[in-house]
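Chains, contacts and geometry: an overview
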Amino acid sequence: MLFHSDLNVGGVLARNGIALAPMAGVADVPFRQLVWELGAGYLVSEMVSSLDHLWDTKKNRLRRVPLKGVYPNVIQIAGSDPLELSETAKKVVDEGADIVDINFGCPAKKVCKKFVGSALLDDIPRIGRIVEAVVGSVSVPVTIKTRIGSTRSDHMGIEASYVAQEAGAQLVVMHSRSRACRFKGPVDHEKTAKLRTRLKIPFFVNGDISSQHSAVSALQESGADGVMVGRGAVGQPWIFRELLGEEELSLPEKWSIVRRHLSLSYDFYGETAGLKMMKKHIKAYLIKLGCEGLAARAMKLEDPDAMKRLLSVDQIQHEFKTY
């Protein structure tokens, strides 16, 4: 098995080295629950703000809800002030976090303009102070997620990883693009491989992993201990089964997973809000499964029951004559 089983993160064992990335607005509780059922071994929450005035917002609270039967419970926090982040880390641990992850990788403009996420790659010493403060404030492992650099030509993320290790971080997740690249252009897993020369803690490689082939290539090129799947899981969460080497699911089995996802979302948010949160996923599912013709209809639906009917066995059998 290419992906480590029982991956050790500072004394906390993950069941394998196949992770789901903390994608805002995507990797919510229902989606994380689903991919856990499909074999993922390490799930990271959506980014939780360290700002006091955002702590008790509905969005922030829902992002911190622990998943039943899932271990470890990894909560990602974001901010730029070491003291604020250490206090936030204490709060999420009090709520049940088994691991605290710090975001040094988000390239979104609205995040970076607040000097959060990958903007902190411009201040490596601050990254060290942040990690040191958070490590000193909690009894659980602390990890980081970052990018290889600020620009296509620098290695600031590599340096940040070494600094974080010295400050007590127990795992690094490296997206093999720079902040300037955002999510465009080729990944550079070979540059990420530079981590192996001085990093003594485990690291995951992230970026453009959407199949078993791309996962194996990323692992071999980077020398990483595991892979983190982001957008490559959207519309095809069964990718985690494939990475574990399990038999490919039949088309009816895949549609059953789509309906399972819809049910999880309705149960978690309530049907109206759950439908709204699911639309981006449903569009991706319909495209991946060859039902582009249903996508336009699905995006117009506002009635939760109507969406259930659209994704029902009868409707899908009608679309797929050989279903």
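Going by the structure above, here's the rest.
Okay, so let's go over this structure. In this text the structure is predicted, and so the values were computed from the model without any measurement. (Residues numbered from 1 in each chain as written. Predicted model: local features only at pLDDT ≥ 70, side-chain atom pairs only at ≥ 80, totals over all residues. Heavy atoms only, no water.)

**Some details on unusual backbone geometry**
The cut-off we apply is this: Think of it this way: any DSSP run of H or I at least four residues long counts as a helix, any run of E at least two long counts as a strand, and we number them from the N terminus.
A cis amide bond links Tyr 71 with the next residue in sequence, Pro 72, at an omega value of 0 degrees. In this model, Asp 208 sits at a positive phi of 60 degrees, which is unusual for a non-glycine residue. By the element assignment, Asp 208 lies in the loop between β10 (203-206) and α10 (212-222).

**What to know about the packing of helix α13 (residues 271-288) against helix α14 (residues 292-300)**
To keep things clear, this is the line we draw: Simply put, an axis is a line fit to the C-alpha atoms, just over the touching stretch for a helix, and the angle between two N-to-C directions goes from 0 to 180 degrees. Angles are sorted into four bins: roughly parallel if under 35 degrees, roughly antiparallel if over 145, roughly perpendicular if 65 to 115, and oblique for all others. The hand of a helix crossing depends on one turn: near helix anticlockwise from the far one by less than a right angle means left-handed, and clockwise means right-handed. Contact criterion: two residues are considered in contact whenever any of their non-hydrogen atoms come within 4.5 Å of each other. Lys, Arg, Asp and Glu make up the charged group, whereas Ala, Val, Leu, Ile, Met, Phe, Trp, Tyr, Cys and Pro make up the nonpolar group; the residues left over, Gly among them, are polar.
Where α13 contacts α14, the axes come no closer than 8 Å and their chain directions differ by 165 degrees. Comparing their axes, α14 and α13 come out roughly antiparallel. Of the two possible hands of crossing, α13 and α14 adopt the one that is right-handed. For the pair α13 and α14, contact is made by Lys 279, Ile 282, Lys 283, Leu 286 and Ile 287 and by Glu 292, Leu 294, Ala 295, Ala 298, Met 299 and Lys 300, respectively. Grouping the constituent residues of the contact of α13 with α14 by class yields seven nonpolar, no polar and four charged.

**Remarks on the environment of Val 172**
Within the secondary structure, Val 172 sits in strand β9 (residues 172-178). In this structure the C-alpha to C-alpha distance between Val 172 and Trp 255, which are 83 residues apart in sequence, comes to 35 Å. Beyond its immediate stretch of four places on either side in the chain, Val 172 contacts Ile 144, Ser 161, Leu 195, Leu 199, Ile 201, Pro 202, Phe 203 and Phe 204.

**Some thoughts on the pattern of salt bridges**
Applicable threshold: What makes a salt bridge here is a side-chain nitrogen of Lys or Arg within 4 Å of a carboxyl oxygen of Asp or Glu, nothing more. Relative accessibility under 20% of the residue-type maximum defines a buried residue, over 50% an exposed one, and the middle range a partly exposed one, all with a 1.4 Å probe and only protein chains included.
Under the criterion given, the structure shown has 16 salt bridges. Here Arg 260 ties to Glu 37 by a salt bridge, and the two come within 2.6 Å at their closest N and O atoms. Residue Arg 260 is located in helix α12 (residues 251-269), and its partner Glu 37 is located in helix α1 (residues 29-37); the two are separated by 223 residues in the primary sequence. Looking at Arg 260, the relative accessible area reads 34%, which means it is partly exposed.

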